[in-house]
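Understanding the architecture of this molecule
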Amino acid sequence: MNYLVNNKGNRDHIAIYGEGAIFDLEPHQHGYVALEQAKIGDSVFVINKKRIVEFKYEITAIKTSTKGIVLFGNQVANPNVFYPLLIEDKNIQSPKIKNHMMLRGFNAVAFS
């Protein structure tokens, strides 16, 4: 499975969780249910503060607690594409995406 996640807030996951941390999400946030299904080897595309999908990661570890989920991974590609183009190309669907653009509250979505 593939995941598109929003880090346009530029959260420093490595400083918070350690080497290899790429994304975290709390249970009340949009996309949490999708991320609960993530498995080692799945791919994560991260939207950065410039709204570019700069990195694609392969998940190497997943840590969960009552506070949420943290994904760890290795970078495997540099798509370097404006995120709406990826959404359109992969036909990514979410209640928090409209006309290929993120709506307020978008955090994560799974896609094939």
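Structural notes, computed from the coordinates.

About the criteria used
Residues numbered from 1 in each chain as written. Predicted model: local features only at pLDDT ≥ 70, side-chain atom pairs only at ≥ 80, totals over all residues. Heavy atoms only, no water. Helix = DSSP H or I, 4+ residues; strand = E, 2+ residues; numbered from the N terminus. Rg over C-alpha atoms; globule rule 2.2 N^0.38 Å. Buried < 20%, exposed > 50% of the residue type's maximum accessible area, 1.4 Å probe, protein only. Contact = heavy atoms within 4.5 Å. Areas by Shrake-Rupley, 256 points an atom, 1.4 Å probe, with all protein chains shown as cover. Lys, Arg positive; Asp, Glu negative; His and termini not counted. Charge placed at Lys NZ, Arg CZ, Asp CG, Glu CD. Phe/Tyr/Trp six-rings, centres within 6.5 Å; stacked < 30°, edge-to-face > 60°.

1. Topic: the overall build of the protein chain
A count of helices and strands for the protein chain gives three helices and nine strands. Tracing the protein chain from N to C terminus, the helices and strands come up as β-α-β-α-β-β-β-β-α-β-β-β. Its C-alpha atoms give the protein chain a radius of gyration of 13 Å, within 12% of the compact-globule value 13 Å for 112 residues. The buried share of the protein chain, reckoned over its 112 residues, is 41%. Long-range pairs, those at least 24 residues apart, make up 55% of the contacts in the protein chain between residues at least 6 apart in sequence. Accessible area of the protein chain: about 6,500 Å², with a carbon and sulfur share of 47%. Each charge sign in the protein chain was given a centre, from 13 positive and 10 negative side chains, and these centres are 7 Å apart.

2. With respect to the packing of aromatic side chains
One pass over the structure, following the stated rule, counts three aromatic pairs. Where F45 meets F111, the ring centres are 5.8 Å apart and the plane angle is 40°; that geometry is what we call tilted. You can see F45 sitting in strand β3 (residues 43-47) and its partner F111 sitting in strand β9 (residues 108-111), a full 66 residues away along the chain. Among the residues examined, F45 registers a relative accessible area of 7% and is labelled buried. A relative accessible area of 6% places F111 in the buried class.

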